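Descriptive analysis of the structure
For reference, the chains in residue letters:
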Amino acid sequence: MSERLAWSLCLAAGLALVGFTIVLGSVEGMRACDGATGLGPMIRFEWVRTVEEVRALFGDEPCRSALAAAMDQANRIDIFAYIPTFTLFQLLAAWALRGSGRGLALAVAMAAIVAAI
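A brief structural summary. For clarity, every value in this text was computed on a predicted model and none was experimentally measured. (Residues numbered from 1 in each chain as written. Predicted model: local features only at pLDDT ≥ 70, side-chain atom pairs only at ≥ 80, totals over all residues. Heavy atoms only, no water.)

Details of the state of the cysteines
Defined as follows: The disulfide criterion is simple: two cysteine sulfur atoms within 2.5 Å. Working definition: helices are DSSP H or I runs of at least four residues, strands are E runs of at least two. Numbering for both runs from the N terminus. Type-normalised accessible area, obtained with a 1.4 Å probe on protein chains alone, sets the label of each residue: buried when under 20%, exposed when over 50%, and partly exposed for intermediate values.
Applying the stated criterion to the full structure yields one disulfide. The disulfide partner of cysteine 33 is cysteine 63, and the S-S distance across this bridge is 2.0 Å. Between cysteine 33 and cysteine 63, the S-S torsion sits near -95°, and that sign places the bridge as left-handed. In this pair, cysteine 33 is assigned in the loop between α1 (3-25) and α2 (41-47) and cysteine 63 in helix α4 (residues 63-97), connecting sequence segments 30 residues apart. For cysteine 33, a relative accessible area of 22% puts it in the partly exposed group.

Structure below.
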């Protein structure tokens, strides 16, 4: 594969990432049950430190079930679409960078594999 083709495919993967980011941002029901704005509920969930913060985020039914379902859907998109595409993006960038030095290309490829794991 030529360097030009690798960069072109890398660009295509990057555009796919933009699309998946938009899809992730539009998952229906992705709203914190406590009405807080600012950080999205997924990021808030990643940063919680106490049970009380989790209870506040998920609130009561029916909001709790709707938010849990939305987070499940977002996680499926992340696991089966976003992460593989991001890994492909990084590996294509590493392949394209091989002309700039094998060490740099190898470092980028290894970082892509570690990030995917």
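Notes on the side chain of glutamine 90
Definition in use: The contact rule is simple, with two residues in contact once any of their heavy atoms fall within 4.5 Å.
Positionally, glutamine 90 belongs in helix α4. The contact partners of glutamine 90, leaving out residues within four places of it in the chain, are Val108, Ala112 and Ala115.

Quick look at helix α5 (residues 102-116)
Because each turn of an α-helix spans 3.6 residues, side chains separated by three or four positions in sequence point in the same direction. Condition: In this analysis, the expected span of each helix is defined as 1.5 Å times one less than the number of residues it contains. This arc is built from the directions going out from the helix axis to the C-beta atoms.
Relative to the 21 Å expected for 15 residues at 1.5 Å per residue, α5 spans 21 Å between its end C-alpha atoms, a close match to the ideal helical length. Every buried residue of α5 is listed here: Ala105, Ala109 and Ala112. Taken end-on, α5 shows its buried residues confined to a sector of 60°, consistent with a single buried face. Summarising the geometry of α5, the exposed residues directed more than 90 degrees from the buried face are Gly103, Leu106, Val114 and Ala115.

Regarding α4
Rules: Fitting axes to the seven residues that end at a residue and to the seven that start at it, the angle between those axes gives the bend at that residue.
Here α4 contains 35 residues, and its C-alpha end-to-end distance of 47 Å stays within 8% of the 51 Å for a straight helix at 1.5 Å per residue. At aspartate 78, α4 shows its maximal bend, which comes to roughly 40°.

Some points on the packing of aromatic side chains
The criterion, for reference: Note on ring pairs: Phe, Tyr and Trp rings are taken, using the six-membered ring of Trp, and paired if centres are within 6.5 Å. Classes follow the plane angle, with under 30 degrees stacked, over 60 edge-to-face and the rest tilted.
Considering all chains together, one arrives at three aromatic pairs under this definition. Ring geometry for phenylalanine 45 against phenylalanine 58: centres 5.7 Å apart, planes inclined by 85°, an arrangement best described as edge-to-face. Of this pair, phenylalanine 45 sits in helix α2 while phenylalanine 58 sits in helix α3 (residues 51-58), placing them 13 residues apart in sequence. Under the relative-accessibility criterion, phenylalanine 45 is labelled partly exposed at 36%. Considering the side-chain rings of tyrosine 82 and phenylalanine 86, the 6.3 Å spacing of their centres and the 15° angle between planes classify their relative orientation as stacked. With tyrosine 82 and phenylalanine 86 both in helix α4 and four residues apart, the pair spans about one turn of that helix. Owing to a relative accessible area of 23%, tyrosine 82 belongs among the partly exposed residues under this scheme. Here phenylalanine 86 falls in the partly exposed class, since its relative accessible area comes to 31%.

Some thoughts on the side chain of threonine 87
Along the chain, threonine 87 turns up in helix α4. Other than its neighbours up to four places away in sequence, threonine 87 contacts Ala112 and Ala116.

Regarding the nonpolar core
Stated precisely, the cut-off is as follows: To form a nonpolar core, buried Ala, Val, Leu, Ile, Met, Phe, Trp, Tyr and Cys residues must be joined to one another through side-chain atoms within 4.5 Å.
By size, the foremost hydrophobic cluster in this structure holds 12 residues: Val27, Met30, Ala32, Met42, Leu57, Phe58, Leu67, Ala70, Met71, Ala74, Ile77 and Ala81. Secondary-structure elements contributing two or more residues to this core are α3 and α4. Of all the elements, α4 adds the most residues to this core, at six residues. For methionine 42, the contacting residues outside a window of four places in its chain are Met30, Met71, Ala74 and Asn75.

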